[in-house]
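# Close look at the chain arrangement
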Amino acid sequence: MPKIVGIDLGTTNSVVAVVEGQEPTVITLAEGARLCPSVVGITRAGERLVGSMAKRQAVAAPDRTLSSVKRHMGVSEFVSLAGEQMRPQAVSACILQKLKADAEAYLGEPVTRAVITVPAYFTDSQRQATKDAGTIAGLEVVRIINEPTAAALAYGITATQDQTLLVWDLGGGTFDVSILHITDGIFEVLATSGDMNLGGDDWDARIVAWMAERFQADHNIDLTRDRMALQRLKEAAEKAKVELSSLISTNINLPFLTSGEEGPLHMDIDLARSRMELLCADLLDRLVPPTLTALRDAKLTPAQIDSIILVGGSTRMPAVQDLVKRVLGKEPVKGVDPDESVARGAALQAGVLNAEVQGVLLLDVTPFTLGIETIGGVVASIIEKNTTVPAQNKQIFTTSLDGQTVVNIRVYQGESKSATGNTLIGTFSLIGVPRAPKGVPKIEVSFDVDANGILRVEAIETETGIKQQIKIGSHRALQPEEIAQLQKSFATGSGR
Ligand code: AMP
């Protein structure tokens, strides 16, 4: 049976893993690293760069480099890269295609199927966009699973163990807290919180600013105006930060950084961990409120959390680990690399679907109640929050006006009884309902949430059988023709 790979398609970095002999293995990429920066670039000559090569040109050629495209998935129609408008799905597909190619080189066989992870709070359209990115890259996305669930699986936590877990994920650009309850074979997301604009990059930026200030004081030159120098400062800052997770002090040495009146100028400074922690103290503080919010939303105290799992490279910082212990009063579980746990869990789930791994059962639930608006703006719920997916349900509705031939279906997600308190996620019209007094026609509305959490809604007029359906998020999701077009342009290398 050909392998199914597990992919952590991250905001900052992406990772691909596969099960070998029942155990997940992270695949080493063509460059020799295990993390692929989620960065796509176009060179001046028009060549596409993905991963570390693209990251290297990020500051020097910002117009031709795109990072954090995950923030746009299912949210923005287009993103701009090298002066062209690209679909976020197509940019993500570049990353997936590289991971696919490197996995194929490692396995020595074609890879056509993948399990991809997404944040627990991702909506239907964000999940659909992720699936479409896979299709564009030539991957059938057999399952989309939540990142915290994947991390739990990597720690050997299976759905048969009753417990409450807090997953604390601090990556390069985002901070996510998820609280999961595991019982009766179900991973239920109790609460999610976080900060979409907080991550290791902010620590790097503080170090860059400190380095630039020092240089300005010593040489009266503003390095932040020099893109090439700034790129080097950024790389050196990240390296220093990473080193300071295991060292008390490190040296930053950047020869020929720029030139002044007396010739070439270099940077050679020491940075102590304590200094970095001082520079970034307020960033650390910002991790506390989302953690408390998640606990409050889940109606739990720290003592009720059975295990804490740390995910994301930035959780390697000692100050971050100390903070978690201080706020939650417990040691996090250790043993799986925080950069790799999500991909490992995705690979395990892929192994289950491929019948290579036994004994890991994974069921997800709908994170919101789903329903349609009825008379007076009241929402009739059709699938309740926390229903195990896949889930289906239907209800019969009718018309509210005599002779009404068109029924507008407005689909909402959320826990309020009134439409205004919920989020509208899709609308469509059923046209051609036979004229009849109000209340007579029978319109059957069915909801179908698949295992990936993607919702399809169908309305049928039961007498004539006329029907209409939508896949939620389809106003933003790509149409099959568009996917085919993007796949074709991928084959020619333009990907646009
Ligand atoms: P992720 O999105 O999980 O890949 O995390 C990426 C972030 O983790 C980047 O900001 C990295 O600089 C940071 N990171 C990786 N390793 C370490 C480390 N040992 N100490 C501190 N930060 C790290």
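Residues numbered from 1 in each chain as written. Predicted model: local features only at pLDDT ≥ 70, side-chain atom pairs only at ≥ 80, totals over all residues. Heavy atoms only, no water.

Scanning the protein chain from N- to C-terminus turns up 12 helices and 25 strands. Along the longest, intermediate and shortest principal axes, the C-alpha atoms of the protein chain span 90 × 55 × 50 Å. Within the protein chain, the fraction of its 496 residues that count as buried is 53%. Pairs at least 24 apart in sequence give 65% of the contacts found in the protein chain among residues at least 6 apart. Here the protein chain displays about 21,400 Å² of accessible surface, and carbon together with sulfur accounts for 51% of that area. Within the protein chain, one finds 48 positive and 59 negative side-chain charges whose respective centroids are separated by 2 Å. (Helix = DSSP H or I, 4+ residues; strand = E, 2+ residues; numbered from the N terminus. Buried < 20%, exposed > 50% of the residue type's maximum accessible area, 1.4 Å probe, protein only. Contact = heavy atoms within 4.5 Å. Areas by Shrake-Rupley, 256 points an atom, 1.4 Å probe, with all protein chains shown as cover. Lys, Arg positive; Asp, Glu negative; His and termini not counted. Charge placed at Lys NZ, Arg CZ, Asp CG, Glu CD.)

A few words on the pairing of strand S11 (residues 140-146). Each regular strand displays side chains that alternate between the two surfaces of the sheet. The buried fraction of S11 is high, at five of seven residues. As defined by bridge partners, strand S10 (residues 113-118) adjoins S11 across six bridges and the pair is classed as parallel. Directly across from Val 115, in S11, lies its bridge partner Arg 143. Considered for its hand, the β-α-β crossover made up of S10, helix H3 (residues 124-136) and S11 is right-handed. (Pairing = 2+ DSSP bridges. Right-handed = clockwise from strand over helix to strand, strands pointing away.)

Our focus in this paragraph is the pattern of salt bridges. Oppositely charged side chains are able to pair whenever their charged atoms sit close together. Tallied over the entire structure, the rule returns 21 salt bridges. The salt bridge partner of Glu 31 is Lys 98, with a shortest N-O separation of 2.9 Å. Taken together, the residues span a long stretch of sequence, with Glu 31 in the loop between strand S3 (23-26) and strand S4 (36-37) and Lys 98 in helix H2 (residues 88-107) at a distance of 67 residues. Residue classification places Glu 31 among the partly exposed positions, given a relative accessible area of 39%. (Salt bridge = Lys/Arg side-chain N within 4 Å of Asp/Glu carboxyl O.)

Time to look at the packing of H2 against H3. Where H2 meets H3, the closest approach of the two axes is 8 Å, and the angle between their N-to-C directions is 55°. Viewed along their axes, H2 and H3 adopt a mutual orientation that is oblique. Here H2 runs over H3; the crossing is right-handed. On H3, the residues touching Gln 89, Ala 90, Ser 92, Ala 93 and Leu 96 of H2 are Ala 129, Asp 132, Ala 133, Gly 134 and Ile 136. (Axes fitted to C-alpha atoms, helices over the stretch in contact; angles between N-to-C directions. Parallel < 35°, antiparallel > 145°, perpendicular 65-115°, else oblique. Left-handed = near helix turned anticlockwise from the far one by under 90°.)

Moving on, we get to the sheet that holds strand S17 (residues 307-311). Here we have four strands laid out as an open sheet, ordered S14-S13-S12-S17, and mixed in their pairing. Only two strands of the sheet have a single partner each, and these edge strands are strand S14 (186-195) and S17. Strand after strand, the sheet turns through a mean of 20° between neighbouring axes, direction not considered. Where strand S12 (residues 163-170) and strand S13 (residues 175-183) come together, eight bridges link them in antiparallel fashion.

The next subject is the site of the ligand. Residues in contact with the ligand amount to 16 residues; listed here are only the nearest, Asn 13, Glu 238, Lys 241, Ser 245 and Gly 313. Between the ligand and Gly 313, the relevant distance is 3.0 Å, taken from an oxygen atom to a main-chain nitrogen or oxygen of the residue. When isolated, the ligand has an accessible area of 500 Å², and the protein chains bury 89% of it. Taken together, the elements giving at least two residues each to the shell around the ligand come down to helix H5 (200-219) and helix H6 (227-243). Top element by residues in the shell around the ligand is H6. It accounts for three residues. (Near = heavy atom within 4 Å. Polar contact = N/O pair within 3.5 Å; in protein donor to acceptor, adjacent residues only side chain to side chain.)

Backbone geometry places Gln 22, a non-glycine residue, at a positive phi of 75°. Tracing the chain through its elements places Gln 22 in the loop between strand S2 (13-20) and S3. The backbone phi angle of Ser 68 is positive, close to 55°, even though this residue is not glycine.

Structural remark: α-helix, 3.6 residues per turn; residues separated by three or four positions point the same way. Over its 20 residues, H5 runs 29 Å from end to end, which matches the ideal 28 Å to within 8%, given 1.5 Å per residue. The complete set of buried residues in H5 reads Gly 200, Trp 203, Asp 204, Ile 207, Val 208, Trp 210, Met 211, Ala 212 and Phe 215. (Expected span 1.5 Å × (residues − 1).)

Another point: the sheet that holds strand S18 (residues 370-374). As summarised here, the arrangement of the four strands in space is S19-S18-S21-S22, forming an open sheet in which the pairing is antiparallel. A single partner strand is all that each edge strand has here, and the edge strands are strand S19 (378-383) and strand S22 (423-431). If you compare each strand with its neighbour and ignore which way they point, the axes differ by 30° on average. By the bridge criterion, eight bridges tie strand S21 (residues 406-413) to S22 in an arrangement that is antiparallel. If you follow Tyr 412 over to S22, its bridge partner there is Leu 424.

Counting residues in hydrophobic clusters, the biggest one holds 47 residues, and the most contacted among them are Trp 168, Trp 203, Met 211, Ile 252, Met 267 and Leu 287. A total of seven residues in this core trace back to one element, the largest contributor, which is H5. Sequence-distant contacts of Trp 168, defined by excluding residues within four places in its chain, comprise Phe 175, Asp 176, Val 177, Leu 287, Thr 291, Ile 309, Leu 310, Val 311, Thr 315, Val 320, Leu 323 and Val 324. (Core = buried A, V, L, I, M, F, W, Y, C linked by side-chain atoms within 4.5 Å.)

Between helix H4 (residues 147-154) and helix H11 (residues 341-353), the least distance of the axes is 7 Å, while the angle of their chain directions is 80°. Viewed along their axes, H4 and H11 adopt a mutual orientation that is roughly perpendicular. Between H4, through Glu 147, Ala 150, Ala 151, Leu 153 and Ala 154, and H11, the contact on the second element is made entirely by Ser 341, Val 342, Arg 344, Gly 345, Ala 346, Leu 348 and Gln 349. Taken together, the residues of the contact of H4 with H11 sort by class into seven nonpolar, three polar and two charged. (Nonpolar A, V, L, I, M, F, W, Y, C, P; charged D, E, K, R; others polar.)

In this section: helix H9 (residues 288-297). Considered for burial, the residues of H9 that qualify are Pro 290, Thr 291, Ala 294 and Leu 295. The arc that holds the buried residues of H9, viewed along the axis, is 140°, so those residues lie on one side. Where H9 terminates, the next one or two residues include Lys 299, which has phi positive at roughly 55°. (Arc of directions from axis to C-beta.)

Right, let's talk about the packing of aromatic side chains for a bit. Each aromatic ring pair is summarised here by two numbers: the centre-to-centre distance and the angle between the ring planes. Applying the stated criterion across every chain, the model contains two aromatic pairs. Considering the side-chain rings of Tyr 121 and Phe 122, the 6.1 Å spacing of their centres and the 70° angle between planes classify their relative orientation as edge-to-face. You can call Tyr 121 partly exposed: its relative accessible area is 27%. Taking the relative accessible area as the measure of exposure, Phe 122 reaches 5% and is therefore buried. Pairing Trp 168 with Phe 175 gives two aromatic rings, centres 4.8 Å apart and planes at 70°, and the pair type is edge-to-face. (Phe/Tyr/Trp six-rings, centres within 6.5 Å; stacked < 30°, edge-to-face > 60°.)

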